[in-house]
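Geometric and topological summary
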Amino acid sequence: ASFTGVSDINDSRQSATQEVQFKLKPLAYSLGLTLKDLAAQINFSFYGIEAQRILRDGDEIKVMIRYPQSQRSSIGHIERSLIFTPAGHQVPLSEVAHITLADGVNRIRRENGQRTINVWAGIDSAQVESFEVAKDIRDNFMPQLLKLYPSVSTKIAGKVQEEMDSANKQMRNFLLSLLVIYALLAVPLHSYSQPLIVMSAIPFGVIGAVLGHMIFGYDLSTMSIFGIIAASGVVVNDSLVMVDFVNKARKAGTNIKEAVIASGARRFRAITLTSLTTFIGLMPIIFETSMQAKIVIPMAISLAFGVAFATVITLILIPCLYVILEDVKTLRFRRSKPQQVSTAE
């Protein structure tokens, strides 16, 4: 209840009803009575014990032996109940036991043989992120609770756990998709290093997606991660276009620096128009106000701003990285080439 945006807090406990509890007096022990004897006799007296069953007009009727209604209409009648001792004598219940009223448990829930209680609440996503609430409870509240009750174990479940499992699965699939993208780029480029240059735009796409959420005031969610994964596959297109142009120019005999500068100039319009059309095409979804579009707006923001931000970085970063990569290759080649020593007579 101390979290902002958390409301409708409830748990699986049902409203407790009062129950009668007995505590034996010393006289009860001397008479040979136990709590089980008292509970059984009081139960028979007030609820009744089945004596027989008879048929009447085709219906089976139970015949119960118990106190009449006038002697079991209130809790006060319990104290005047008579208890049979093992010797066959009768004594009032108040003489052999202390009678108290306490809150009882209507239902005990169990899961895998362990008693459980579920606590749930509603979360306003506009004020607080469900992941943050679950993380704070797990890291701050639960350790204090477990210190007081070491035998208690806790587990996150429900929608929050589903979102966490989904996020972990998405990250695993995201890493797998990066490996597939790398393999698909390495084959046509005939290089193990150039695909890394092409994929260097992906982190900037993630940054752009985060900035887009900050601009529109949205928190990162499961749908946002979907958009980031989609943007990762789109932002490599612009980088691939530039790297492929530079490779073709170098094969034609153009100097590396001239080829890099030419790629930025020649492919600028194509790269910019491709990204702008994607960005503008997603704007109607981002500014949609209907409830049906609320769920996909974070994904559209991630994709639109991820592509737009990565495009600006691509036009500057990719040419620089290409030149740096060639300088590194040249330096390694020079170091690995054996030095030739000439002598003069």
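Along each chain, numbering runs from 1 in the same order as the chain's sequence is written. The predicted nature of this model means local features are confined to residues of pLDDT at least 70 and side-chain atom pairs, given and counted, to a pLDDT of 80 or more, with totals for whole chains, interfaces and linings taken over all residues. Heavy atoms throughout the structure, all of them, feed into the side-chain values; hydrogens and water do not.

Section: the overall build of the protein
Where we set the bar: Counting from the N terminus, the helices are DSSP H or I runs at least four residues long and the strands are E runs at least two residues long. Atoms considered for the radius of gyration are the C-alpha atoms alone. The globule rule reads 2.2 Å times the number of residues to the power 0.38. Between buried and exposed lies partly exposed: a residue is buried under 20% and exposed over 50% of the maximum accessible area for its type, with that area taken using a 1.4 Å probe on protein chains only. Contacts between residues were defined by any pair of non-hydrogen atoms, one from each residue, lying within 4.5 Å. To be clear on the numbers: accessible area is Shrake-Rupley with a 1.4 Å probe, and residue cover counts the displayed protein chains and nothing else. His is not counted here, nor are the chain ends, while Lys and Arg score as positive and Asp and Glu score as negative. One atom stands in for each charge, and that atom is NZ of Lys, CZ of Arg, CG of Asp or CD of Glu.
A count of helical and extended segments in the protein gives 12 helices and 10 strands. For 345 residues, the compact-globule formula gives about 20 Å, and the C-alpha radius of gyration of the protein, at 39 Å, lies well above that figure. Each of the three principal axes of the protein carries a C-alpha extent, and together these read 135 × 65 × 45 Å. By the burial criterion, 29% of the 345 residues in the protein qualify as buried. Put simply, of all contacts in the protein between residues at least 6 apart along the chain, 68% involve residues at least 24 apart. Of the roughly 23,400 Å² of accessible surface on the protein, 59% is carried by carbon and sulfur atoms. On the protein, the mean spot of the 34 positive side-chain charges and the mean spot of the 28 negative ones are 7 Å from each other.

Focus on the environment of V128
For V128, the location among the structural elements is in the loop between β10 (119-123) and α5 (130-148). Taking relative accessible area as the criterion, V128 reaches 13% and is therefore assigned buried. Distance in space between the C-alpha atoms of V128 and G5 is 5.8 Å, their sequence separation being 123 residues. Excluding residues that lie within four positions of it along the chain, V128 makes contacts with T4, G5, V6, I123 and V133.

Structural notes on the packing of α5 against helix α6 (residues 158-189)
Packed helix pairs are characterised by how far apart their axes lie and by the angle those axes make with each other. Put simply, the rule is: For helices, the fitted line uses only the C-alpha atoms of the stretch in contact; every axis is such a line through C-alpha atoms, and the angle between N-to-C directions lies from 0 to 180 degrees. By the definition adopted for this analysis, an angle is roughly parallel if under 35 degrees, roughly antiparallel if over 145, roughly perpendicular if from 65 to 115, and oblique otherwise. Classification used: nonpolar for Ala, Val, Leu, Ile, Met, Phe, Trp, Tyr, Cys and Pro, charged for Asp, Glu, Lys and Arg, polar for all others including Gly.
At a closest axis distance of 10 Å, the pairing of α5 and α6 adopts a crossing angle of 100°. By the criterion of interaxial angle, the relationship of α5 to α6 is roughly perpendicular. Between α5, through S130, F131 and A134, and α6, the contact on the second element is made entirely by V160, E163 and M164. Here the residues of the contact of α5 with α6 are counted per class, giving four nonpolar, one polar and one charged.

Observations concerning helix α8 (residues 202-216)
Quick note on the threshold: An expected span of 1.5 Å times one less than the residue number is assigned to each helix. An arc is given here, and it is the one of the directions from the helix axis to the C-beta atoms.
With 15 residues, α8 extends 22 Å from end C-alpha to end C-alpha; this agrees with the ideal 21 Å at 1.5 Å per step. Looking only at α8, the buried set comprises I202, G205, G208, A209, G212 and H213. Projected onto a plane normal to the axis of α8, the buried residues spread over an arc of 140° and lie on a single side. Structural note: α8 exposes M214 and I215 on the side pointing more than 90 degrees away from its buried face. A positive backbone phi angle near 75° is found at G217, which sits one or two residues after α8.

Concerning the nonpolar core
Nonpolar side chains in soluble globular proteins tend to be buried together. We apply this condition: In these notes, a set of buried Ala, Val, Leu, Ile, Met, Phe, Trp, Tyr and Cys residues joined through side-chain atoms within 4.5 Å is what counts as a nonpolar core.
Core analysis: the biggest nonpolar cluster contains 35 residues, and I202, V243 and I286 have the highest contact counts within it. Of all the secondary structure elements, the ones that give two or more residues to this core are α6, α7 (194-199), α9 (222-251), α10 (256-266), α11 (268-286) and α12 (297-336). By residue number, the principal contributor to this core is α12, which donates 12 residues. Apart from the residues lying within four places of it in its own chain, the contact partners of I202 are F174, L178, S232, V235 and V236. Residues F22, L38, F46 and I83 belong to the second largest nonpolar core, which totals 13 residues.

Details of unusual backbone geometry
Look at D57: it is not a glycine, yet its phi comes out positive at around 55°. Mapped onto the fold, D57 is located in the loop between β3 (49-56) and β4 (59-65). The backbone of H190 sits at a positive phi, close to 55°, despite the residue not being glycine. Take H190: it is sitting in the loop between α6 and α7.

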